Amino acid sequence: MAEPSSSTTAIRLVFADQGTFHAETVHVPVDKLARYDRLVDLLREEESVTRQMYVDMTRLVSAYVVGNDE
């Protein structure tokens, strides 16, 4: 996904894969984030995001905005 900048925000994605968990941090445009009630909808439906990455929804366990302290 896009490199971190002032116009993006970090999203932590946690996936389950055969009993193990792993996390990936991606960056999405801040202005697009406010347009969706649910983060998962942004990841599935926003063309500017889906053009940059594929998120396997069958393995996605958690998605959340990363705070400054993480």
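Above this text sits the structure in question.
Cut-offs applied
Residues numbered from 1 in each chain as written. Predicted model: local features only at pLDDT ≥ 70, side-chain atom pairs only at ≥ 80, totals over all residues. Heavy atoms only, no water. Helix = DSSP H or I, 4+ residues; strand = E, 2+ residues; numbered from the N terminus. Buried < 20%, exposed > 50% of the residue type's maximum accessible area, 1.4 Å probe, protein only. Contact = heavy atoms within 4.5 Å. Areas by Shrake-Rupley, 256 points an atom, 1.4 Å probe, with all protein chains shown as cover. Pairing = 2+ DSSP bridges. Polar contact = N/O pair within 3.5 Å; in protein donor to acceptor, adjacent residues only side chain to side chain. Salt bridge = Lys/Arg side-chain N within 4 Å of Asp/Glu carboxyl O. Core = buried A, V, L, I, M, F, W, Y, C linked by side-chain atoms within 4.5 Å.

Q: How should I be thinking about the overall build of the chain in this particular structure?
A: Across its full length, the chain holds three helices and three strands. Along the chain, from the amino end to the carboxyl end, the secondary structure elements read β-β-α-α-α-β. Considering the chain as a whole, with its 70 residues, one finds that 36% of them fall into the buried category. Put simply, 45% of the contacts in the chain that link residues at least 6 apart link residues at least 24 apart. If you sum the accessible surface of the chain, you get close to 4800 Å²; carbon and sulfur atoms cover 45% of it.

Q: For this particular structure, what's the right way to read the pairing of strand E1 (residues 8-17)?
A: Side-chain positions along a regular strand alternate between the two faces of the sheet. Judged by how many residues are buried, E1 sits mostly within the fold: eight of 10 residues are covered. Strand direction decides the pairing type here: E1 and strand E2 (residues 20-29), joined by 10 bridges, are antiparallel. Considered in E2, the bridge of Leu13 is made with Glu24. Sheet topology places E1 next to strand E3 (residues 60-65); five bridges connect them, and they run antiparallel. Following the sheet pairing, Ile11 is matched in E3 by Val65.

Q: Teacher, can you tell me more about the side chain of Asp56 here?
A: Of note, Asp56 is situated in the loop between helix H3 (47-50) and E3. A distance of 2.5 Å separates a polar atom in the side chain of Asp56 from a polar atom in the side chain of Thr58.

Q: What should I look at first to understand the pattern of salt bridges in this one?
A: Two side chains of opposite charge can pair, provided their charged atoms sit close to one another. Summed over the entire model, instances satisfying the criterion amount to six salt bridges. Of the charged contacts, one joins Arg59 and Asp17 as a salt bridge, the two residues approaching to 3.8 Å between their closest N and O atoms. Placement of Arg59 in the loop between H3 and E3 and of Asp17 in strand E1 is noted, with a sequence separation of 42 residues between them. Taking the relative accessible area as the measure of exposure, Arg59 reaches 41% and is therefore partly exposed.

Q: Would you mind going over the nonpolar core with me for this structure?
A: Proteins that are soluble and globular tend to have nonpolar side chains buried together. Counting 12 residues, the largest nonpolar core is built from Ile11, Leu13, Phe15, Val26, Val28, Leu39, Leu42, Leu43, Val49, Met53, Val55 and Leu60. If you list the elements that add at least two residues to this core, you get E1, E2 and helix H2 (39-45). Discounting residues that sit within four places of it in the chain, Leu13 has contacts with His22, Ala23, Glu24, Val26, Leu43, Val55, Leu60, Ser62 and Ala63.

Q: How should I be thinking about unusual backbone geometry in this particular structure?
A: The bulk of non-glycine residues show a negative phi, and the bulk of peptide bonds are trans. Of note, the phi angle at Gln18 is positive, near 50°, even though the residue is not glycine. The exposure class assigned to Gln18 is exposed, which follows from its relative accessible area of 80%.

Q: Hey, could you run me through the environment of Thr58 in this one?
A: Along the chain, Thr58 falls in the loop between H3 and E3. Considered as a pair, Thr58 and Asp17 are 41 residues apart in the sequence and their alpha carbons are 9.7 Å apart.

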